[in-house]
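Summary of structural features
So you can see what is in the structure, the chains are spelled out below.
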Amino acid sequence: MSDVSVKLQWNHQAIQSIENKAAKGLIRMGYDMASVARSNAPYLTGALANSIRVEEDSGDVAVIAGGKSGGKDIRYAAIQEFGGYAGRNHSAKITGKHYMARARDFVLAGDYLNKYFGGIT
């Protein structure tokens, strides 16, 4: 008896095209989330909303609030997101605003797979 075989190979060009489309969708998703987070962020001076940005690194996308922004160190991004105690002797209780989580939930609502990754085959 003779053997029968089927050779399976990656189509590297097709895979690269899929990766590129997925990366673009992820970037669009990040920018949409940042936009919604800016509108959800507590507003006194606008510094927190202005600190929200999208960073890309080796195909990964992060939406970040806080850190250095406009020459200011926005240290209160996390406590505004999650809540906790702040101020002198931690005497002020801050209720979490969840501006980032609400932005994530908004972007992931509905048919987000088709919106950001539709056409990937």
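An account of the accompanying structure is given in this report.

Thresholds, definitions, all that
Residues numbered from 1 in each chain as written. Predicted model: local features only at pLDDT ≥ 70, side-chain atom pairs only at ≥ 80, totals over all residues. Heavy atoms only, no water. Core = buried A, V, L, I, M, F, W, Y, C linked by side-chain atoms within 4.5 Å. Buried < 20%, exposed > 50% of the residue type's maximum accessible area, 1.4 Å probe, protein only. Helix = DSSP H or I, 4+ residues; strand = E, 2+ residues; numbered from the N terminus. Contact = heavy atoms within 4.5 Å. Salt bridge = Lys/Arg side-chain N within 4 Å of Asp/Glu carboxyl O. Pairing = 2+ DSSP bridges. Axes fitted to C-alpha atoms, helices over the stretch in contact; angles between N-to-C directions. Parallel < 35°, antiparallel > 145°, perpendicular 65-115°, else oblique. Left-handed = near helix turned anticlockwise from the far one by under 90°.

Section: the nonpolar core
In terms of nonpolar packing, the biggest core is built from 19 residues, with Ala41, Leu48, Ile52, Val63 and Tyr99 touching the most fellow members. Where this core is concerned, the elements lending two or more residues are helix H1 (12-40), helix H2 (47-51) and helix H4 (99-108). The greatest single-element share of this core, amounting to 5 residues, is contributed by H1. The residues touching Tyr99, leaving out its near neighbours within four places in the chain, are Ala37, Asn40, Ala41, Pro42, Leu48, Ile52, Ala65, Ala77, Gln80 and Glu81.

What to know about unusual backbone geometry
At His90, a residue that is not glycine, the phi angle is positive and equals roughly 50 degrees. With respect to the element layout, His90 can be found in the loop between strand E5 (83-86) and strand E6 (92-95). Among the residues examined, His90 registers a relative accessible area of 55% and is labelled exposed. Phi angles above zero are rare outside glycine, and His98 is one such case at about 55 degrees.

Re the pattern of salt bridges
Per the stated rule, a full pass over the model turns up 4 salt bridges. Put simply, Asp32 and Lys115 hold a salt bridge, and the shortest N to O gap is 3.9 Å. Note that Asp32 is positioned in helix H1 and Lys115 in helix H5 (residues 112-117), a separation of 83 residues in sequence. Of the charged contacts, one joins Arg104 and Asp105 as a salt bridge, the two residues approaching to 3.0 Å between their closest N and O atoms. Exposure remark for Arg104: the relative accessible area of 39% places this residue in the partly exposed category.

With respect to the pairing of strand E2 (residues 60-64)
As paired elements, strand E1 (residues 53-57) and E2 share 5 bridges and run antiparallel to each other. Of the residues in E2, the one forming a bridge with Glu55 is Ala62. The turn linking E1 back onto E2 is made up of 2 residues, and Ser58 within it adopts a positive phi angle of 50 degrees.

Quick notes on the packing of H1 against H4
Relative to each other, H1 and H4 sit at 135 degrees, their axes nearing to 8 Å. By the angle class used here, H1 and H4 are oblique. Relative to H4, H1 is oriented so that their crossing is right-handed. Contacts from Met29, Asp32, Met33, Val36, Ala37 and Asn40 of H1 reach H4 at Tyr99, Met100, Arg102, Ala103, Arg104, Phe106, Val107 and Leu108.

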